[in-house]
Amino acid sequence: MEHTTKNYRVSGHESFACRYAWLPKVAHHLQRDHTILTDDSRAMVELGVGKNMVQSIRFWAQSADIVKAPGKTGKHVLTGFAIELLGERGLDPYLEDIRTLWLIHWKLATNVEAPLMAWDYLLNNWQEPEMTQSSVVGALEKEATKRGSKLSSTTITKHFEVFLHTYVPTRGRKGTIQEDNLDCPLVELELITRQGERGADGPNGRRESIYAFNRDWKPEISNELFLYSLNDFWQVRHKDEATLSLREVAHGHGSPGQIFKLPEEDVRSRLEELNNGPNTPFSYAESLHLQQVRRHRAGSGSELLRHIYRP
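Treat the numbers as computed from the prediction; the structure is a model and nothing was measured.

### A short note on the sheet that holds strand S7 (residues 243-245)
Line of reasoning, step 1. Pairing in this open sheet of three strands is antiparallel, and the strands run S7-S9-S8 from one edge to the other. Each edge of the open sheet carries a strand with a single partner, namely S7 and strand S8 (282-286). Averaged over all neighbouring strand pairs, the angle between strand axes comes to 25°, with direction disregarded.
Line of reasoning, step 2. Bridging between S8 and strand S9 (residues 291-295) involves five bridges; their strand directions are antiparallel. By the bridge assignment for S9, Phe282 is matched with Arg295.
Line of reasoning, step 3. Packed on one face of the sheet, helix H9 (residues 223-237) meets S7, S8 and S9 and runs near 80° to S9.

### Focus on empty space enclosed by the protein
Line of reasoning, step 1. The full count for this structure, using the stated rule, is one cavity of 30 Å³ or more.
Line of reasoning, step 2. Considered as a void within the structure, the largest cavity measures approximately 40 Å³ in volume.
Line of reasoning, step 3. As for the largest cavity, its lining consists of Cys18, Trp60, Ala64, Ile104, Leu108, Cys184, Pro185 and Leu186.

### Considering the packing of helix H5 (residues 98-109) against helix H13 (residues 301-309)
Working note: a packed helix pair is described by the angle between its axes plus the distance between those axes.
Line of reasoning, step 1. Axis separation between H5 and H13 bottoms out at 10 Å; the angle between their running directions is 145°. Viewed along their axes, H5 and H13 form a crossing whose handedness is right-handed. Contact with H5, carried on its side by Arg99, Thr100 and Leu103, involves Leu305, Ile308 and Tyr309 of H13 and no other residues of that element.
Line of reasoning, step 2. Across the contact of H5 with H13, the residue classes tally to four nonpolar, one polar and one charged.

### Focus on the layout of surface pockets
Line of reasoning, step 1. Size it by volume and the largest pocket reaches roughly 670 Å³.
Line of reasoning, step 2. Gln62, Asp65, Asn111, Val112 and Glu113 are the residues nearest the centre of the largest pocket, which is lined by 26 residues in total.
Line of reasoning, step 3. At the level of secondary structure, the elements contributing two or more residues to the lining of the largest pocket comprise helix H3 (51-63), strand S3 (67-68), H5 and H9.
Line of reasoning, step 4. Residue contributions to the lining of the largest pocket peak at seven residues, all from H9.
Line of reasoning, step 5. A per-class count over the lining of the largest pocket returns eight nonpolar, ten polar and eight charged.

### A look at the environment of Tyr228
Line of reasoning, step 1. Tracing the backbone through its elements, the reader meets Tyr228 in helix H9.
Line of reasoning, step 2. On the accessibility criterion, Tyr228 (6% relative accessible area) is buried.
Line of reasoning, step 3. Polar contacts involving the side chain of Tyr228 include one to the side chain of Lys107, which spans 3.2 Å.

### Notes on the nonpolar core
Line of reasoning, step 1. In terms of nonpolar packing, the biggest core is built from 90 residues, with Ile66, Trp119, Leu122, Phe163 and Leu271 touching the most fellow members.
Line of reasoning, step 2. Beyond its immediate chain neighbours, meaning those up to four positions away, Trp119 contacts Trp60, Leu108, Ala109, Asn124, His159, Val162, Phe163, Thr166 and Tyr167.

What counts, and where the lines are drawn
- Residues numbered from 1 in each chain as written.
- Predicted model: local features only at pLDDT ≥ 70, side-chain atom pairs only at ≥ 80, totals over all residues.
- Heavy atoms only, no water.
- Pairing = 2+ DSSP bridges.
- Helix = DSSP H or I, 4+ residues; strand = E, 2+ residues; numbered from the N terminus.
- Axes fitted to C-alpha atoms, helices over the stretch in contact; angles between N-to-C directions.
- Contact = heavy atoms within 4.5 Å.
- 1 Å grid on protein atoms, 1.4 Å probe; cavity = no way out; pocket = protein on both sides within 12 Å on 5 of 7 lines; lining within 4 Å.
- Points joined across faces, edges and corners; volume = space filled by probe spheres on them.
- Left-handed = near helix turned anticlockwise from the far one by under 90°.
- Nonpolar A, V, L, I, M, F, W, Y, C, P; charged D, E, K, R; others polar.
- Buried < 20%, exposed > 50% of the residue type's maximum accessible area, 1.4 Å probe, protein only.
- Polar contact = N/O pair within 3.5 Å; in protein donor to acceptor, adjacent residues only side chain to side chain.
- Core = buried A, V, L, I, M, F, W, Y, C linked by side-chain atoms within 4.5 Å.

Listed below in structure tokens is the structure:
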């Protein structure tokens, strides 16, 4: 059973972070059989994993916008995003491009129908320069209570551990990660880093690891990828607005600046580049009292996705 907190999802991943081969395998098999994820026994054989991992694969595929939840037919269907990216003639069917990993991170962090609690809260609301398991679990327990649901510390702790394992490697170094590695591919983003240890608060006094978001400039997030995320942010959260401020794009809930942990100056420089791109649906204007992006038309997510990979 999945726990939810007013749409928040905190379980369903079965305590497994998403692994390298899972999303490509799902895309490959679903193109041939739309019912494979609804039959655990058959999925175990075809995907070569245990029952708990089948449930976890289903969770991550839905959370990353790879498959749509089954309707009355009981069939899982690949999303347009998944077909463009991971299909037989997909843009990056084996997750070989770092920009693809940033896209998957974007999808996991901006799911508005059933947001993942740790992703939504920590990426958007965590203001401290560092985080530890005890401090985060305490904050998430308070957030759950505020939203009308009391989740156990065990459930929240497991959820936070999966969040960490998504971005922090358990073994190996960047550049040595293999397909069968137990780590999630998103560890390559180096979005979260270990900062050392300190004594934990509380009676047991055990030491615990300190983590921090990497808030530096990120040149591997190309301007085309930034444009795709800006368009997605606008369509989902500000559909009826013609303009957005620099502050909203850099610091708003679910914004590119927040989800990618970009410094405001990095966001500004990317917005300035909008005026140089051909056929971009946006423009940026800055004066002494005004810093805003204007949308001239709704951008095509499919077209902007292809632009990311265009030579």
